[in-house]
Amino acid sequence: MLNCDCLFCKIIEGKIPSSKVYEDDDMLIFKDIAPKAKVHLLAVPKTHFALLSQADKEGRVMLSRIFEKIPQVAEQNGCGDGFRLVINQGEAAGQTVRHLHVHILGGETLGW
Ligand code: AMP
Ligand code: ZN
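Counting from 1, residues in each chain are numbered in the order their sequence is written. A letter from A marks each chain and a number from 1 marks each ligand, given out in the order of writing. In keeping with the predicted nature of the model, local features appear solely for residues at pLDDT of at least 70, side-chain atom pairs appear and are counted solely at 80 or more, and the whole-chain, interface and lining totals rest on all residues. As a rule here, side-chain values come from all non-hydrogen atoms in the structure, and water together with hydrogens is ignored.

*Asks:* So what about the pairing of strand β2 (residues 27-31)? Which residues, and what values?
*Replies:* Buried, partly exposed and exposed residues are distinguished by accessible area as a fraction of the type maximum, computed with a 1.4 Å probe on protein chains only: under 20%, between the cut-offs, and over 50%, respectively. Working definition: helices are DSSP H or I runs of at least four residues, strands are E runs of at least two. Numbering for both runs from the N terminus. Counting buried positions along β2 yields 4 of 5 residues, so the element is predominantly enclosed. Strand pairing requires that DSSP identify at least two bridges connecting the strands. As paired elements, strand β1 (residues 20-23) and β2 share 3 bridges and run antiparallel to each other. Each bridged residue has a counterpart across the sheet, and for Lys20 the counterpart in β2 is Phe30. The turn joining β1 and β2, which pair antiparallel and follow one another in sequence, is formed by 3 residues. Pairing geometry for β2 and strand β3 (residues 39-45), over 5 bridges, is antiparallel. The residue bridging Leu28 from the neighbouring strand is Val44, located in β3.

This is the structure in structure tokens:
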């Protein structure tokens, strides 16, 4: 279910534009507007939930499909040499958008 106050739900609905690189029934993957690496993509489930702990069964299925799909999409977008996945969970970790998302970072040699 989508959440009308959520930025990423608005992007999923097409109400806010994004640079999509992949979409199917379960997920949208698009370019981060403020990239922290040469390639910086965001993978979001189409069901709205803020935190991993709030994923229901449908959300957990979407997440497993996201992790299945990421290697292919990352490779197609310049991360053939490797990539890093990040989930910021909660304010203390720097989460600013409360719709669970996986950061895909790469396209260059990353420092730790
Ligand atoms: P987080 O801090 O983990 O919640 O990550 C949120 C990410 O969303 C940040 O890296 C932002 O740069 C990114 N972001 C915010 N607004 C947009 C937008 N309109 N389109 C694409 N990425 C966005
Ligand atoms: Zn949302």
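*Asks:* Please set out the side chain of Asp26 residue by residue, giving values where relevant.
*Replies:* Along the chain, the position of Asp26 falls in the loop between β1 and β2. Exposure remark for Asp26: the relative accessible area of 14% places this residue in the buried category. Residue contacts follow a heavy-atom distance rule, with two residues in contact if any of their heavy atoms lie within 4.5 Å. Ignoring sequence-local partners within four residues, the contact set of Asp26 consists of Val44, Pro45, Lys46, Met62 and Arg65.

*Asks:* Describe the site of ligand 1, naming the residues involved and giving the relevant values.
*Replies:* The cutoff for a nearby residue is simple: one of its non-hydrogen atoms must lie within 4 Å of the molecule or strand. Surveying the vicinity of ligand 1 reveals 17 residues, the closest of which are Asp32, Asn88, Gly94, Thr96 and His103. Any pair of nitrogen or oxygen atoms within 3.5 Å is treated as a polar contact; in protein, a donor-acceptor pairing is required on top of that, and neighbouring residues in sequence qualify only through side-chain atoms on both sides. Between Asn88 and ligand 1, the recorded distance is 2.9 Å, taken from a side-chain N or O atom to an oxygen atom. In this description, accessible areas are obtained by the Shrake-Rupley approach with a 1.4 Å probe, and a residue is regarded as covered only by the protein chains that are shown. Starting from 510 Å² of accessible surface for ligand 1 in isolation, the protein chains cover 86%. Mapped by element, the contributors of at least two residues to the shell around ligand 1 are α1 (7-13) and β2. Looking at the shell around ligand 1 element by element, the count peaks at 3 residues for α1. A breakdown of the residues in the shell around ligand 1 according to their chemical character gives 8 nonpolar, 6 polar and 3 charged. Put simply, Ala, Val, Leu, Ile, Met, Phe, Trp, Tyr, Cys and Pro go in the nonpolar bin, Asp, Glu, Lys and Arg in the charged bin, and everything else, Gly too, in the polar bin.

*Asks:* Provide a residue-level description of the coordination of the zinc ion (ligand 2), including the pertinent values.
*Replies:* Nitrogen, oxygen and sulfur within 2.8 Å of a metal are treated as its donors, or within 3.2 Å for sodium, potassium and calcium (Na, K, Ca); water is not counted, so a site can appear incomplete. Within the protein, the zinc ion (ligand 2) binds to Cys6 (SG), Cys9 (SG), His48 (ND1) and His99 (ND1); these donor distances fall in the range 2.0 to 2.3 Å. Every geometry call rests on angle ranges, with four donors termed tetrahedral when all angles are between 85 and 135 degrees, four termed square planar and six termed octahedral when opposite donors are over 155 degrees apart and all others are between 65 and 115, and everything else termed irregular. Metal-centred angles of 106 to 118° between the 4 donor atoms at the zinc ion (ligand 2) mark the site as tetrahedral. Positions of the donor residues of the zinc ion (ligand 2), expressed as sequence spacing, correspond to C-x2-C-x38-H-x50-H. Taken together, the residues span a long stretch of sequence, with Cys6 in the segment before α1 and His48 in the loop between β3 and α2 (57-76) at a distance of 42 residues. With a relative accessible area of 6%, Cys6 lands in the buried category.

Bear in mind that shape data such as this cannot, by itself, settle questions of function.
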